[in-house]
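Chain by chain, the residues run as shown.
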Amino acid sequence: MASVSLKHIYKKYPGAVTAVADFCLEIKDKEFLILVGPSGCGKSTTLRMIAGLEEITEGELFIGDKLVNDVAPKDRDIAMVFQNYALYPHMSVFENMAFGLKLRKKPKDEIKKLVDEAARILDISHLLDRKPKALSGGQRQRVALGRAIVRDPQVFLLDEPLSNLDAKLRAQMRVELLKLHKKLGTTFIYVTHDQVEAMTMGDRIVVMKDGYIQQIDSPMNLYSSPVNKFVAGFIGSPQMNFIDSKLIKTDGKYMVEFGSEDTKTARGRKFYIEVPAAKVDSDKLDKYLDKELTLGIRPENIHDEEVFLNNAKTGIFEAVIDVAEMMGAETNLYLTCEGIPLTVRVSSRSQARPQDNIKLAIDPNHIHLFDKDDESSILINIQ
């Protein structure tokens, strides 16, 4: 088993294209690390550099204590599982799993032992004589994993391995991969654009955008304490609401103002949320007084329950429901408040229906404020 260390890694292509910039990361031995971000953010390129399939332009890559920049992929003691499985269609499952071992001139009895053990772990022993075309998507994925397991690598690299599966099978395979990681006790580095996969599987998550690391943290910290608007919007489903707002001070209290108001026609309404004292850094907030900001609030932190409305002192507003999306245990409401689109997650017992005018309250303890220009978070995050 091994740790992986990336020190100031760059990947540059001809034409002044930088795919990955100043990537610094220490991946612990036996860690399940996730690289997540939108298409084109550099996550797969980073994984391919670790694998040796892409040349590193600048920086140093260590696997364990060994510098591997110039080490061939086959000598890095890693195994990679691709999105398309890359199985040989003319070979049986057994032959696919054994192929890499045969290339390494392993004895036949040792190959059989390793393949049988991997097949047992993955519950595919009954499929060893079948060809890939006779397998389901989930079974093919297990075979691809089995081919990696038999090599007993120091590091597993997985590049969007579940993206070709249907939703139900993806959920099942997430659980199976977590069990496999625990059973093997190997370092896993996993690339995905699916933030649900990232949140449910990773010990730590690296959020990337345009080749740069935005934040590295545990799933819970990323969710509750995003460092900027991009991370806040990327992590969480439905995504965080973002509202144009202004910071003011009234009676010594910091208030967030949003909504619209036409002074000539007296139309529109303004709404106010008090910033809790525990979230206030006065030195920082004073610089933003009477300036435009972005207010962030997650759908589950806007409430329609009577008890919450009765106890709320600020953050109460009204909105019209455009769409109610029944999800079973909960309902997502898509609303409009003074021209501002909002998403709210409420209990499935809620009686709210489309076209209703509904009163809601924002939980001030869970608000976020972001700088309008650099989009950095400017409040103290409380867990």
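Refer to the preceding data block for the structure.
A. A look at the side chain of D304. Considering the arrangement of structural elements, one finds D304 in the loop between β15 (302–303) and α10 (306–311). Despite being buried, D304 has no salt bridge partner; R353 is the closest side chain of opposite charge, sitting 8.7 Å away. At 3.0 Å, the side chain of D304 forms a polar contact with the side chain of S350. Setting aside residues no more than four positions away along its own chain, D304 makes contact with L309, V346, S350, I358, K359 and L360.

B. View of the pairing of strand β18 (residues 340–347). Across eight bridges, strand β17 (residues 330–337) lies against β18 in antiparallel orientation. Among the inter-strand pairings, T336 is bridged to a residue of β18, identified as P341. The antiparallel pairing of β17 with β18 creates a hairpin that spans two residues between the two strands, and E338 there sits at a positive phi of about 50°.

C. Representation of the packing of aromatic side chains. Evaluation of the coordinates by the stated rule reveals nine aromatic pairs. Between F258 and F271 the ring centres are 5.5 Å apart and the planes differ by 40°, which places this aromatic pair in the tilted class. One end of the pair, F258, is in strand β12 (residues 253–259); the other, F271, is in strand β13 (residues 270–274), and 13 residues separate them in sequence. Of the aromatic side chains, those joined through ring pairs into one cluster are F32, F156, F188 and Y190. One residue, K12, lies across the ring of Y10, its end atom 5.2 Å from the ring centre.

D. Spatial organisation of the environment of T200. Along the polypeptide, T200 turns up in helix α6 (residues 195–201). C-alpha separation for the pair T200 and S44, spaced 156 residues apart in sequence, amounts to 20 Å. If near-sequence neighbours (up to four positions away) are discounted, T200 is found in contact with R174 and L178. A distance of 3.4 Å separates polar atoms of two side chains, one belonging to T200 and the other to R174. At 2.8 Å, the side chain of T200 and the backbone oxygen of V196 are in polar contact.

E. The side chain of N332, seen in detail. In this fold, N332 is placed in strand β17. Judged by relative accessible area, N332 falls into the buried class, the value being 4%. Setting aside chain neighbours within four positions, we find N332 in contact with P238, V323, A324, E325, M327, V344 and R345.

F. How the structure looks around the state of the cysteines. This structure, assessed with the given rule, holds zero disulfides. Here C24 is not cross-linked by a disulfide; its sulfur's nearest cysteine counterpart is in C41, at 17 Å.

G. View of unusual backbone geometry. For the peptide bond that leads from S237 to P238, omega is -5°, which places it in the cis range. Looking at where P238 falls in the secondary structure, it is placed in the loop between α8 (229–234) and β11 (241–250). The phi torsion at K30 lies on the positive side, around 70°, for a residue other than glycine. Mapped onto the secondary structure, K30 falls in the loop between β2 (17–27) and β3 (32–36). Using a relative accessible area of 46% as the deciding quantity, one classes K30 as partly exposed. Unusually for a residue other than glycine, Q355 sits at a positive phi of about 80°.

Cut-offs applied
Residues numbered from 1 in each chain as written. Predicted model: local features only at pLDDT ≥ 70, side-chain atom pairs only at ≥ 80, totals over all residues. Heavy atoms only, no water. Helix = DSSP H or I, 4+ residues; strand = E, 2+ residues; numbered from the N terminus. Buried < 20%, exposed > 50% of the residue type's maximum accessible area, 1.4 Å probe, protein only. Lys, Arg positive; Asp, Glu negative; His and termini not counted. Salt bridge = Lys/Arg side-chain N within 4 Å of Asp/Glu carboxyl O. Polar contact = N/O pair within 3.5 Å; in protein donor to acceptor, adjacent residues only side chain to side chain. Contact = heavy atoms within 4.5 Å. Pairing = 2+ DSSP bridges. Phe/Tyr/Trp six-rings, centres within 6.5 Å; stacked < 30°, edge-to-face > 60°. Lys NZ or Arg CZ within 6 Å of the ring centre and 35° of its normal. Disulfide = S-S within 2.5 Å.

By themselves these figures say nothing about function.
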